[in-house]
Amino acid sequence: MTQAALQAFRSALPPRSVLYVPADRPRAIERARGLPCDALILDLEDAVSLSQKVAARRGAAQALRQGGFGKPALLRLNGLDTPDFQPDLELALLSAPAGIVLPKAEDPEAVRELHLGVPLWLMIETPLGVLRASQLAAVPGVAGLIAGANDLLLGLRARATPDRLPLLHALSAVVLASRAAGVVALDAVYNDLQNLAGLEAECLQGRDLGFDGKTLIHPDQIGAANRAYGVSSEEAQAAREVLSAWEEAAAQGLGVTRHAGTMIEALHARQAAQTLWRWDSENGT
């Protein structure tokens, strides 16, 4: 890959796999340190019962103070309208996580007031959140949007289906808003821990829709997400060939050329360069 092509995509690599870890479970947190996920979310919200909220804050504070995860560790707070939000926010400001995850984000002004120097990750999991996704993504300090399928299904009064047809509009709205604002888009969790084939299919669907990575609820799901959202050696080689064909054509002053029976132009070269940038980043080259 040429230096000029690489330069177009110099930015932080979006995470392929982001694992939720209940902050009230020390053993799960310790295990997470050695897992091959790209990021963690220490969870103070849905994965923690009401009786364990204080214990979860203590666990998160200790884990973030100790550090050593080898990957970004975000902190998911309880909702703005809950009594746990303020102590959660105080914990976040004192413990400096890699980012704050805010559930059920709906109000851009409320999000704007939360920007205190820590990257914000907004969960889009209500109908109003979907409708305001572009406004939310554009708030300064927002690093990414996270789709929340379970709450969206409830809010839409829709039924869960293997193809996620009832959610496709909402999922695409999250991707569209993220791309327009230049932030990361993460797909929702997959609930069936026994159905690895279903997980693989949903990861591939998410990648096809344009998501950068997937949120996960169990370590056994990490491999599927990393494969689906990563770059295979075959994809990398195909990208090299496209980029080589384009650079040869460009040197001859051509605006389009033919490769493997397909017409390619500048946008295909940019796509190939992006694929190779990710391949190089994932493989340390």
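A brief look at the structure comes next. (Residues numbered from 1 in each chain as written. Predicted model: local features only at pLDDT ≥ 70, side-chain atom pairs only at ≥ 80, totals over all residues. Heavy atoms only, no water.)

Things to note about the environment of Asn191
Basically, it comes down to this: Strands are runs of DSSP state E lasting at least two residues, helices are runs of H or I lasting at least four, and both sets are numbered from the N terminus onward. Working rule for contacts: check all heavy atoms of both residues, and any pair within 4.5 Å makes them a contact.
Locating Asn191 in the fold gives a position in the loop between β7 (184-187) and α10 (196-209). Separated by 84 residues in the primary sequence, Asn191 and Asp107 have C-alpha atoms spaced 28 Å apart. Discounting chain neighbours no more than four positions away, the residues touching Asn191 are Asn150 and Ile217.

What to know about the layout of surface pockets
We count it as follows: In the cavity and pocket records, a cavity denotes points on a 1 Å grid over the protein atoms alone where a 1.4 Å probe fits but cannot get out, a pocket denotes an open set with protein on both sides within 12 Å along at least 5 of 7 lines, and lining residues are residues with an atom within 4 Å of a point. Grid points are joined across faces, edges and corners, and a volume is the space filled by probe spheres set on the points. Residues are grouped as follows: nonpolar covers Ala, Val, Leu, Ile, Met, Phe, Trp, Tyr, Cys and Pro; charged covers Asp, Glu, Lys and Arg; every other residue, Gly included, is treated as polar.
By volume, the second largest pocket amounts to about 480 Å³. Forming the walls of the second largest pocket are 29 residues, and the residues nearest its centre are Tyr20, Asp43, Ala47, Val189 and Ile217. Looking at the lining of the second largest pocket residue by residue, the class counts come to 16 nonpolar, five polar and eight charged.

Describing the nonpolar core
Quick reminder of the rule: What we call a nonpolar core is a set of buried Ala, Val, Leu, Ile, Met, Phe, Trp, Tyr and Cys residues that are connected through their side-chain atoms within 4.5 Å. Think of it in three bands: residues with accessible area under 20% of the maximum for their type are buried, residues over 50% are exposed, and the middle band is partly exposed, with areas taken using a 1.4 Å probe on protein chains only.
Counting residues in hydrophobic clusters, the biggest one holds 64 residues, and the most contacted among them are Leu122 and Leu145. If one sorts the elements of this core by residue count, helix α9 (residues 168-181) sits on top with six residues. Core analysis: the second largest hydrophobic core is formed by twelve residues, Tyr20, Ile146, Val184 and Leu186 among them.

What to know about the pattern of salt bridges
Put simply, the test is: Think of a salt bridge as a Lys or Arg side-chain nitrogen and an Asp or Glu carboxyl oxygen that are within 4 Å of each other.
Here the structure, examined in full by the defined rule, presents 15 salt bridges. For Arg76, the salt bridge is made with Asp43, and the minimal N-O distance between the two is 2.7 Å. With a gap of 33 residues between them, Arg76 in strand β3 (residues 73-76) and Asp43 in strand β2 (residues 39-43) connect regions that are remote in the sequence. Ionic pairing is found between Arg179 and Asp212, a salt bridge with its closest N-O pair at 2.9 Å. Highlighted residues: Arg179 in helix α9 and Asp212 in the loop between α10 and β8 (213-216), separated in sequence by 33 residues. Classification of Asp212 as buried rests on a relative accessible area of 15%. Salt bridges here are not isolated pairs; linked through shared partners, they connect Asp43, Glu45, Arg76, Lys104 and Asp151.

A few points about the sheet that holds β3
Note the cut-off: Between any two strands, pairing holds if DSSP finds at least two bridges. Throughout, an axis means a line fitted to C-alpha atoms (over the contacting stretch in the case of helices), and angles, computed between N-to-C directions, take values from 0 to 180 degrees.
The strand order around the closed barrel built from eight strands is β1-β2-β3-β4-β5-β6-β7-β8, with neighbouring strands paired in parallel fashion. Direction aside, neighbouring strands of the sheet carry axes that sit 25° apart on average. With three bridges connecting them, strand β1 (residues 17-22) and β8 associate as parallel partners. Following the sheet pairing, Ser17 is matched in β8 by Lys214. Against the sheet, helix α11 (residues 222-229) contacts β1, β7 and β8, and its axis sits at roughly 170° relative to β8.

Side note on the packing of helix α3 (residues 53-66) against helix α4 (residues 85-95)
Note the following rule: With respect to orientation, any angle under 35 degrees is reported as roughly parallel, any angle over 145 as roughly antiparallel, any angle of 65 to 115 as roughly perpendicular, and every other angle as oblique.
Across the interface, α3 lies against α4 with an axial gap of 10 Å and an inter-helix angle of 10°. One finds that α3 runs roughly parallel with respect to α4. Two secondary-structure elements touch here, α3 through Arg57, Ala60, Ala61 and Leu64 and α4 through Pro87, Asp88, Leu91 and Ser95. Per-class residue counts for the contact of α3 with α4 are five nonpolar, one polar and two charged.

Considering the packing of α10 against α11
Defined as follows: Crossing handedness: left-handed means the near helix sits turned counterclockwise from the far one by under a right angle, and right-handed means the same turn made clockwise.
Taken N-terminus to C-terminus, the directions of α10 and α11 make an angle of 35°; their axes are 9 Å apart at the nearest point. Handedness of the crossing formed by α10 with α11: right-handed. Mapping the contact onto sequence places Leu199, Glu200, Cys203, Leu204, Gly206 and Arg207 in α10 and Ala224, Ala225, Arg227, Ala228 and Tyr229 in α11. For the contact of α10 with α11, the per-class residue count stands at seven nonpolar, one polar and three charged.

Focus on the state of the cysteines
What makes a disulfide is a covalent bond joining the sulfur atoms belonging to two cysteines. The condition is simple: The disulfide criterion is simple: two cysteine sulfur atoms within 2.5 Å.
All chains considered together, the criterion is met by zero disulfides. A disulfide-free cysteine, Cys37 has its sulfur positioned 13 Å from the sulfur of Cys203, the nearest such atom. A relative accessible area of 5% places Cys37 in the buried class. A relative accessible area of 0% places Cys203 in the buried class.

Just distances and angles here, no functional claims.
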